[in-house]
Amino acid sequence: SGIRKKLIEAFTNNENEYLSGQKLADIAGCSRTAIWKQIEELRKEGFQFQAVRRKGYKIVSIPTAMTADKITLGLKTEIFGRNLYYYDSVESTQKIASKLANEAAEEGTVVISEEQTAGRGRMDRKWHSPKHTGIWMSILLRPKIPISKAPQLTLITAVGVVQAIEEATELLPQIKWPNDIMVNGKKITGILTELQAEADSIHSVIIGIGMNVNTLEADFPEEIRRTASSLSIEAGRTIGREELIRTILEKLEKLYLLYLTKGFLPIKLMWESYAISIGKQIIARTITGEISGKTIGITEDGVLLIEDSAGVIHHIYSADIKMNE
Ligand code: BTX
């Protein structure tokens, strides 16, 4: 619309200034309500504004779309990301990757989207994936491992993601078993591992990575605003997504190949060095109930071990954990 154009013009010509609602309304020749609505629209498209009471709005960043070329340019991998699908908007990259898996797509195929309209977490939970702000990516793998070892892939991914964040920023991420990457106690990244198998052999594994990169606090829905954060919020600067994607793919490929040749042990040691939840009192909420106790480590298979107050050791295959301090 005309208002939209005039607004973008006004903001980009006054990049370091706050523009009041009234001033914007004058420039665009419309009401302040229309301005407010348009700003909300622009926010949904990935424009970021800072709003200060009495001063008005200042533009913080203009959305920049990635391109598949910019992602793969200089990518130093043999398998991961050699075959890359890039979308502007999809329901879920997991869905597309699993369709590709059934169409015999090669190992290492990557699906990336600027936005997901139905991004998902574990147990059918939602994964909030606003446009241009994060990395919403699925990787197709075809490891020749038994199904029981599949949880290890989540832990391998977590290690790779932590290493990539460490390389791209000054932050010190930590892993909360099994699939959360935390910075300063807040969730920055979630990992979702889904497999297709027949009998005991894995046909394909789709690893989903959802990383909040340049998300601002206002982009998060109210219900996760206190628990979620992004790399840019924690680092205090914008982080280039293309380079970060390359770094993630490079780290993951290295770890994956190490895993296939040397087994899980070397990765288990790295994983434990990044874990926040080892040696702590926690409550694990599983499908069959809650178990509380002290975490004593993970097994060779990536299963969490919890010792309860009676000294009984529980094997936790899947749960949400909460610190109990
Ligand atoms: P999870 O089940 O461990 O976490 C989901 C929970 O995390 C939600 O219920 C909500 O409380 C919170 N949450 C939702 N969105 C966000 C967010 N952006 N940042 C922080 N917390 C959030 C985690 O599941 C696994 C997520 C995998 C997402 C990737 S994105 C690419 C791929 N495609 C897809 O649909 N899912 C994966």
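Residues numbered from 1 in each chain as written. Predicted model: local features only at pLDDT ≥ 70, side-chain atom pairs only at ≥ 80, totals over all residues. Heavy atoms only, no water.

**Observations concerning the overall build of the protein**
In terms of regular secondary structure, the protein is built from nine helices and 14 strands. The C-alpha atoms of the protein give a radius of gyration of 22 Å, which matches the 20 Å a tight globule of 325 residues would have. Buried positions account for 49% of the 325 residues belonging to the protein. Within the protein, contacts between residues separated by at least 24 positions form 63% of all contacts whose residues are at least 6 apart in sequence. Total accessible area on the protein stands at roughly 16000 Å², and carbon and sulfur atoms take up 50% of it. (Helix = DSSP H or I, 4+ residues; strand = E, 2+ residues; numbered from the N terminus. Rg over C-alpha atoms; globule rule 2.2 N^0.38 Å. Buried < 20%, exposed > 50% of the residue type's maximum accessible area, 1.4 Å probe, protein only. Contact = heavy atoms within 4.5 Å. Areas by Shrake-Rupley, 256 points an atom, 1.4 Å probe, with all protein chains shown as cover.)

**Re the domain arrangement of the protein**
When the domains of the protein are assigned, the result is domain 1 (2–61), domain 2 (68–273) and domain 3 (277–323). Measuring from the centre of the C-alpha atoms in domain 1 to the corresponding centre in domain 2 gives 34 Å. With five residues of domain 1 at the contact, the number on the domain 2 side is seven residues. Between domain 1 and domain 2, roughly 420 Å² of surface is buried when both sides are summed, and carbon and sulfur atoms account for 50% of that area. For domain 1, the biggest contributors to the area lost against domain 2 are Arg-43, Glu-45 and Gln-48; these three give 66% of the whole. Seen at the junction of domain 1 and domain 2, the total is zero salt bridges. There are two residue pairs in polar contact (both at pLDDT 80 or more) connecting domain 1 and domain 2. (Domains from an automatic or database assignment. Buried area = accessible area lost by both parts, 1.4 Å probe. Salt bridge = Lys/Arg side-chain N within 4 Å of Asp/Glu carboxyl O. Polar contact = N/O pair within 3.5 Å; in protein donor to acceptor, adjacent residues only side chain to side chain.)

**Some words on the pattern of salt bridges**
Tallied over the entire structure, the rule returns 17 salt bridges. For Arg-125, the salt bridge is made with Asp-320, and the minimal N-O distance between the two is 2.7 Å. Here Arg-125, found in the loop between β4 (110–113) and β5 (134–141), pairs with Asp-320, found in strand β14 (residues 320–323); they are 195 residues apart in sequence, far enough to count as distant. When salt bridges with common partners are traced through the structure, they connect Arg-122, Arg-125 and Asp-320 into a single cluster.

**So, helix α6 (residues 151–168)**
Taking 1.5 Å of rise per residue, the 18 residues of α6 would be expected to cover 26 Å, and the 26 Å separating its terminal C-alpha atoms lies within 8% of that figure. The buried fraction of α6 is high, at 14 of 18 residues. (Expected span 1.5 Å × (residues − 1).)

**Re the pairing of strand β11 (residues 289–298)**
Pairing of strand β10 (residues 281–286) with β11, which is carried by six bridges, proceeds in the antiparallel orientation. Bridge pairing in β11 links Ala-284 to Ile-291. If you look at the hairpin formed by β10 and β11, you'll find two residues sitting between the two strands. Here β11 pairs with strand β12 (residues 304–307) via four bridges, running antiparallel. Note on β12: the bridge partner recorded for Thr-295 is Ile-306. Here β11 folds back onto β12 in antiparallel fashion, the turn holding five residues, of which Gly-302 has a positive phi close to 90°. (Pairing = 2+ DSSP bridges.)

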